[in-house]
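# Architecture at a glance
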Amino acid sequence: MAENTTADPSTPAQLRLAGGAQGFNWLPVFLADELGLFGKHGIAIEYKRFGSVDKATGAVLEG
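Read on for a plain summary of the structure. (Residues numbered from 1 in each chain as written. Predicted model: local features only at pLDDT ≥ 70, side-chain atom pairs only at ≥ 80, totals over all residues. Heavy atoms only, no water.)

Right, let's talk about the packing of aromatic side chains for a bit. This model, assessed by the stated rule, comprises three aromatic pairs. With a centroid separation of 6.2 Å and 65 degrees between ring planes, the pair formed by W26 and Y47 is classed as edge-to-face. Placement of W26 in the loop between strand 1 (13-19) and helix 1 (27-34) and of Y47 in strand 2 (residues 43-49) is noted, with a sequence separation of 21 residues between them. Taking relative accessible area as the criterion, Y47 reaches 27% and is therefore assigned partly exposed. A network of ring pairs unites the aromatic residues W26, F30 and Y47 as a single cluster. (Phe/Tyr/Trp six-rings, centres within 6.5 Å; stacked < 30°, edge-to-face > 60°. Helix = DSSP H or I, 4+ residues; strand = E, 2+ residues; numbered from the N terminus. Buried < 20%, exposed > 50% of the residue type's maximum accessible area, 1.4 Å probe, protein only.)

The quantities given are spatial measurements derived from coordinates; they are silent on function.
As structure tokens, then:
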């Protein structure tokens, strides 16, 4: 779960999502973002596309 670690509670918490390709399996995430569900709960989403699952996994493991 994302936590807002900023001093200002009105600033959304940043959540980075990594994927090899962002296709049909990402539909629930894209839909929730479009409907404003993340923003409603104080979360700002950043999408990272890495081109392959191995690269995305490596990026997640490296932080």
